[in-house]
Amino acid sequence: MSNQTTVTAEAGSPFITIERIFDAPREKVFRVFSDAALVARWWSPNGTATVEALDFREGGRWHFSGTGDQTISFHGFFHEITAPERFVQTSEFDNLEAMIGERGHTVLAKYEFLPTEDGRTRLVTTEMYMSTEDRDMAVQSDMESGVVRAYQSVDSILKGME
Amino acid sequence: MVEQNAYLDGLFGSLADPIRRDILRRLVDASYSVGQLAEKYDMSFAAVAKHIKVLEKATLIIKTRRGNEQVVSIAPAALKDAAFYLHQYEKLWSDRFAAIDTLLQEDL
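Residues numbered from 1 in each chain as written. Chains lettered and ligands numbered in written order. Predicted model: local features only at pLDDT ≥ 70, side-chain atom pairs only at ≥ 80, totals over all residues.

S.K.: Just to check I follow, could you spell out the overall build of chain A for this structure?
M.R.: Helix and strand counts for chain A stand at five helices and eight strands. Overall, chain A shows an N-to-C arrangement of helices and strands of β-β-α-α-β-β-β-β-α-β-β-α-α. Considering chain A as a whole, with its 162 residues, one finds that 25% of them fall into the buried category. In chain A, the share of contacts with a sequence separation of at least 24, taken over all contacts with a separation of at least 6, comes to 38%. (Helix = DSSP H or I, 4+ residues; strand = E, 2+ residues; numbered from the N terminus. Buried ≥ 20, exposed ≤ 12 C-beta atoms within 10 Å, placed from the backbone. Contact = placed C-beta atoms within 7 Å.)

In structure tokens form, the structure reads like this:
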């Protein structure tokens, strides 16, 4: 049984908070997020991830793409790295320009690796979007998670009702 | 307003249970008969049917008849709801974290 993942997105706020405990010390969990070969193994759990870039130092660029039902791409820069406690990065969903015709929807994200009393790690990710609308759009357009397939099944449901 | 709140209570209440969330996840990909869904869980047919009933009451799923069996599908209205999308977002991250759990078992 996996540990519980808690996602919090209060209505009317531009934040998303994601919390999860890992059964490993934080130095090890931190490596999973900062090592290109390791990121490639978890970032696209239902498809194939390619780490195009992961220059893990302040000012360094990251760029991941994922191939599942569709190809998605995200990139950004590391603003602050305080290993193994925390890193802060920017993030842009590269497909968005094709979807809505503009850029300018960058996300600021903080990853905190907090030690628990029993030697495990609580990861707290805080994402801050530029507006509540951006936040809601991100949650709704998350292609990798099956929403596109969901729309396809809605289509077939609607066809079945005709 | 009261009706809206009652709707939301039903929605969140029905999403609070891990089995019901799991049923919803499966229905994103395909429709199943009640019997097919019941086979996937280590609990009685009646218990699974009860969960399906809760989801139906919250208008997250719909039941249609195909021959002799009842087919359960996700309700189009449910997909328009922010709570549903958030649930999808949560699924992406919980899948990623499950992959990380596997990595953490190795000597990194």
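S.K.: In this structure, what is going on with the overall build of chain B? I would like to understand it.
M.R.: Check the secondary structure of chain B and you find six helices and three strands. Taken from the N to the C terminus, the helices and strands of chain B come in the order α-α-β-α-α-β-β-α-α. Looking at chain B as a whole, 31% of its 108 residues are labelled buried. Of the contacts made within chain B by residues no fewer than 6 positions apart, 55% connect residues no fewer than 24 positions apart.

S.K.: What is the right way to look at the pairing of strand S2 (residues 61-66) of chain B in this model?
M.R.: Residues in a regular strand point their side chains to alternate faces of the sheet. Residues and elements named next belong to chain B. Pairing geometry for S2 and strand S3 (residues 69-74), over six bridges, is antiparallel. Bridge pairing in S3 links Lys 63 to Val 72. Here S2 folds back onto S3 in antiparallel fashion, the turn holding two residues, of which Gly 67 has a positive phi close to 65°. (Pairing = 2+ DSSP bridges.)

S.K.: Explain helix H1 (residues 26-34) of chain A to me, please; I cannot follow it from the model alone.
M.R.: In an α-helix, one full turn covers 3.6 residues, which means residues spaced three or four apart are oriented alike. Those residues of H1(A) lying buried are Arg26(A), Val29(A), Phe30(A), Val32(A) and Phe33(A). The buried residues of H1(A) occupy an angular sector of 155° when projected down its axis, which confines them to one face. (Arc of directions from axis to C-beta.)

S.K.: Would you take a moment to explain unusual backbone geometry for this structure?
M.R.: For residues other than glycine, phi is negative in most cases, and the peptide bonds are mostly trans. The residue after Ala83(A), namely Pro84(A), is reached through a cis peptide bond having omega -5°. Tracing the backbone through its elements, the reader meets Pro84(A) in the loop between strand S5 (71-82) and strand S6 (86-93).

S.K.: What is the right way to read the sheet that holds strand S4 (residues 61-67) of chain A from this model?
M.R.: Each strand in a sheet pairs with its neighbour through backbone hydrogen bonds, running either in the same direction (parallel) or in the opposite one (antiparallel). Residues and elements named next belong to chain A. If you trace the eight strands from one edge of the open sheet to the other, you get S1-S2-S8-S7-S6-S5-S4-S3, paired in antiparallel fashion. Each edge of the open sheet is held by one strand with a lone partner, namely strand S1 (6-8) and strand S3 (48-54). If you compare each strand with its neighbour and ignore which way they point, the axes differ by 20° on average. Note: S5 against S6, six bridges, orientation antiparallel. If you follow Phe 74 over to S6, its bridge partner there is Phe 93. The sheet strands contacting H1 are strand S2 (15-22), strand S7 (107-115) and strand S8 (121-128), and the helix crosses S7 at an angle near 155°. (Axes fitted to C-alpha atoms, helices over the stretch in contact; angles between N-to-C directions.)

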